[in-house]
Amino acid sequence: MKTYLLYIVGFVVLMAVLAVSIEARLLWPSIALAVMLLWLCVLLYGRVGRLLYAYRETEKENERLHTRLAEAERQLQYLRQLTENVDTALFVCSTDGRIDWMNHAAKELTPGTSLPSPVLQAIADHAEVVDGCALSTVLLRIDGQQRLVVALKDVSMLMQRQEMEAWQQLIRVLTHEIMNSLTPIISISETLTNENEAFAVINRRCHALLDFVESYRQLTRIKSPVRTTFPISELFEHIAGLYPQVHTQGDGLLTADRCQLEQVLINLVKNAYESGATEVEVSVSNDSEIRVHDNGCGMSPDVVDHAFIPFFTTKPTGTGIGLSLCRQIILKHGGTITVESHKGSGTTFTIKL
């Protein structure tokens, strides 16, 4: 800046001296001063040109930096949205478990400022699973300090899906083989029924077995849900049509396959009354959580653990597919169904859509 100021001062001085020389009619000094003034103008023009060029380049670089900054901001916003909305719990913490940052899913696991004790123990033991969640950790150095990035992913629903698919495949194979064997036996026994009573017995038992197998085939024929939004009151009306003594609570709208959801609730209510319950309540909360609670005799821990397994039943005439069917329907909705029960204190099924 000082250089340009000197140029300007020199230019003014030369102009003043040149004006005096011309006024005094001094030819050669005037020519010399004019040449010097011209040379100074050329220098000043070059300087100004370089300055303008540098200014334009600076503006272009600023635009490029602004574009990169805007892109980095978009990526940062994207990562923030991603980390806040994934169902994987993410923690950034010190090596002693003190939490520096956690996403929304992590806040649902712990409201505290430190990692839960089971997670810390699992990290110390280099375990890969803790409380039904897959555990992964990465050690990083941030701002010169070691930080632990911990990810917890609930894999229980995935395991339930894989378990249900395995059961479906087994049922599909078994029913196919049994049906292939029963069909010719039924055909032959029907032909010979009039000639021998023994063949009539065979025919009746084959038909009974056929009906039995057909009931299990339902587990492999559930269609994908057709979701609609409907009033909760309509769902309660259909349940009350079969079980008018059921207590219902909740209002608003639900988004699901109404027929399939109705089938699930009717099955749960039916099981409750068959277990000896005298009162059954179906309630729906504002976050679409459905609870079916009864005051029946309850279930033992062993029965609770096996409640949703196909073929498992505690009823003398049960088939063991009712609760399995319910769980499969809810899984196809992308939801979960759990049961909480204790001997002598009733049972509560909770459905989260």
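We now turn to the structure provided with this report. (Residues numbered from 1 in each chain as written. Predicted model: local features only at pLDDT ≥ 70, side-chain atom pairs only at ≥ 80, totals over all residues. Heavy atoms only, no water.)

**A word on a nonpolar patch on the surface**
Inference 1: On the surface, a cluster of nonpolar side chains totalling about 320 Å² of accessible area is made up of Y78, L79 and L82.
Inference 2: Summarising the element assignment, Y78 is placed in helix α2 (residues 27-85).
Inference 3: For Y78, a relative accessible area of 55% puts it in the exposed group. (Patch = residues over 30% accessible without salt bridge, like charges linked within 9 Å, V, L, I, M, F, W, Y side chains within 5 Å. Areas by Shrake-Rupley, 256 points an atom, 1.4 Å probe, with all protein chains shown as cover. Salt bridge = Lys/Arg side-chain N within 4 Å of Asp/Glu carboxyl O. Helix = DSSP H or I, 4+ residues; strand = E, 2+ residues; numbered from the N terminus. Buried < 20%, exposed > 50% of the residue type's maximum accessible area, 1.4 Å probe, protein only.)

**Remarks on helix α4 (residues 117-124)**
Inference 1: Residues of α4 that are buried: V119, A122 and I123. One face of α4 carries all of its buried residues, which in axial projection span an arc of 100°. When the buried face of α4 is taken as reference, the exposed residues oriented beyond 90 degrees from it are S117 and A124.
Inference 2: Next to the buried residues of α4 lie β3 (129-130), β4 (133-142) and β5 (145-154). (Arc of directions from axis to C-beta. Contact = heavy atoms within 4.5 Å.)

**As for the sheet that holds strand β12 (residues 347-352)**
The pairing of strands in a sheet comes from backbone hydrogen bonds and takes either a parallel or an antiparallel form.
Inference 1: Pairing within the open sheet is mixed, and its 5 strands lie in the order β7-β9-β10-β12-β11. For this open sheet the edge positions go to β7 (247-249) and β11 (336-341), each flanked by a neighbour on one side alone. Put simply, the sheet's adjacent strands are angled 15° from each other on average, direction ignored.
Inference 2: In the sheet, β7 pairs with strand β9 (residues 280-284) via 3 bridges, with the strands oriented parallel. Among the inter-strand pairings, H247 is bridged to a residue of β9, identified as E281.
Inference 3: The strands touched by helix α10 (residues 322-332) are β11 and β12; relative to β11, the strand with the most contacts, the crossing angle is about 140°. (Pairing = 2+ DSSP bridges. Axes fitted to C-alpha atoms, helices over the stretch in contact; angles between N-to-C directions.)

**Remarks on the packing of aromatic side chains**
Inference 1: Throughout the structure, instances matching the rule amount to 2 aromatic pairs.
Inference 2: Both rings, one in Y243 and one in Y273, keep their centres 5.7 Å apart while their planes meet at 20°; by these two values the pair is stacked. Taken together, the residues span a long stretch of sequence, with Y243 in the loop between α7 (232-242) and β7 and Y273 in helix α8 (residues 258-274) at a distance of 30 residues.
Inference 3: Y273 gets classed as buried once you look at its relative accessible area, which sits at 19%.
Inference 4: For the pair F308 and F349, a centre-to-centre distance of 6.3 Å together with 85° between the ring planes defines the contact as edge-to-face. Here the residue F308 occupies a position in the loop between α9 (301-306) and α10, and F349 occupies one in strand β12, the gap between them amounting to 41 residues. (Phe/Tyr/Trp six-rings, centres within 6.5 Å; stacked < 30°, edge-to-face > 60°.)

**Quick word on α10**
Inference 1: Buried residues dominate α10, accounting for 9 of its 11 residues.
Inference 2: Among the residues of α10, L323, S324, L325, C326, R327, Q328, I329, I330 and L331 are the ones counted as buried.
Inference 3: Following α10 by one or two positions, G334 adopts a phi angle in the positive range, close to 80°.

**Concerning the pattern of salt bridges**
Inference 1: Counted by the stated rule, this structure contains 9 salt bridges.
Inference 2: The partner of R68 in a salt bridge is E61, and the shortest N-O contact between them spans 3.5 Å.
Inference 3: Linking E71 and R74 is a salt bridge whose minimum nitrogen-to-oxygen distance equals 2.5 Å. Placement of the pair is E71 and R74 together in helix α2, with a separation of 3 residues, close to one helical turn.
Inference 4: On the accessibility criterion, E71 (35% relative accessible area) is partly exposed.
Inference 5: Overlapping salt bridges, with partners in common, bring together E61, R64 and R68 in one network.

**So, the sheet that holds β4**
Inference 1: Ordered by their spatial adjacency, 5 strands build an open sheet running β2-β1-β5-β4-β3, and the pairing between neighbours is antiparallel. Two strands lie at the open edges of the sheet, namely β2 (99-102) and β3, each paired on one side alone.
Inference 2: By the bridge criterion, 5 bridges tie strand β1 (residues 89-93) to β5 in an arrangement that is antiparallel. Its bridge partner being in β5, F91 is matched across the sheet by V150.

**Here we look at the environment of K343**
Inference 1: Position of K343 among the secondary structure elements: in the loop between β11 and β12.
Inference 2: With relative accessibility at 62%, the residue K343 sits in the exposed group.
Inference 3: Here the alpha-carbon distance between K343 and M299, two residues 44 residues apart in the chain, equals 5.2 Å.

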